[in-house]
Amino acid sequence: MSAYGNLLKTLINFSGSKLSIVAEEVGYDVSYISKWCNKAKLPASKMAPNINRTLANHFSHEILKHEDLASFSRQFSVEATPDSLNSIIYNLLKENYKESSRKAAAVRSSLPGSAAR
C-alpha cells in the first residue's frame, strides 16, 4: 500500500466517513477510492490537486463537526486549529501523494524493458 493510500484510509477511518460519501464528494466511483486506499493506485496527477482539496474540505468538515480536533492533532502530531485544519490535511495529502508518486515511478523505471531505447 502507498503512503497516500495509508493516509487516505486513516483519514476516512478517523473522520468516520463512508467510502460512498467520499466517492460522491470527489466524483469518482467507490472502486477508485478503494484502489487508492488498498492497492497502491493513485489518482491521475492532473486531477490530484482538486481531489486532495475536496478530500481536505470533507475531512476537515467531519473532524470539526465531531469535535475531534484535539484527537486529530495528537494522532497526526500537528498543532491544528479550526482555521488551519483544512490546510494541514491538504498538505498531508499532497506530500503523501508526491512520495507515493515518486516511489511508483522508481518501481516502473526498474522494471525490465523500461530503459529508453
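Residues numbered from 1 in each chain as written. Predicted model: local features only at pLDDT ≥ 70, side-chain atom pairs only at ≥ 80, totals over all residues. Heavy atoms only, no water.

Focus on the nonpolar core
The biggest cluster of nonpolar side chains holds 28 residues, and the ones touching the most others in it are L8, L11, I33, L55, F59, F72 and I89. Contributing elements (two or more residues each) for this core: α1 (3-15), α2 (19-26), α3 (30-38), α4 (48-65), α5 (69-76) and α6 (85-110). When sequence neighbours within four positions are dropped, the list of residues in contact with F72 reads L11, F14, I63, S77, V78, A80, L85, I88, I89 and L92. (Core = buried A, V, L, I, M, F, W, Y, C linked by side-chain atoms within 4.5 Å. Buried < 20%, exposed > 50% of the residue type's maximum accessible area, 1.4 Å probe, protein only. Helix = DSSP H or I, 4+ residues; strand = E, 2+ residues; numbered from the N terminus. Contact = heavy atoms within 4.5 Å.)

Focus on α4
With 18 residues, α4 should cover 26 Å at 1.5 Å per step; its first-to-last C-alpha distance of 25 Å lies within 8% of that length. Of all the residues in α4, the buried ones are A48, I51, N52, L55, A56, H58, F59, S60, E62 and I63. Considering only its buried residues, α4 is in contact with α1, α2, α3, α5 and α6. Downstream of α4 by a residue or two, E67 has a phi angle that is positive, lying close to 55°. (Expected span 1.5 Å × (residues − 1).)

As for the pattern of salt bridges
Any two side chains of opposite charge can pair, given that their charged atoms come close. Tallied over the full model, the rule gives three salt bridges. Between E62 and K65 there is a salt bridge, with the nearest N and O atoms lying 3.4 Å from each other. Of this pair, E62 and K65 both sit in helix α4, three residues apart, which is roughly one turn of the helix. (Salt bridge = Lys/Arg side-chain N within 4 Å of Asp/Glu carboxyl O.)

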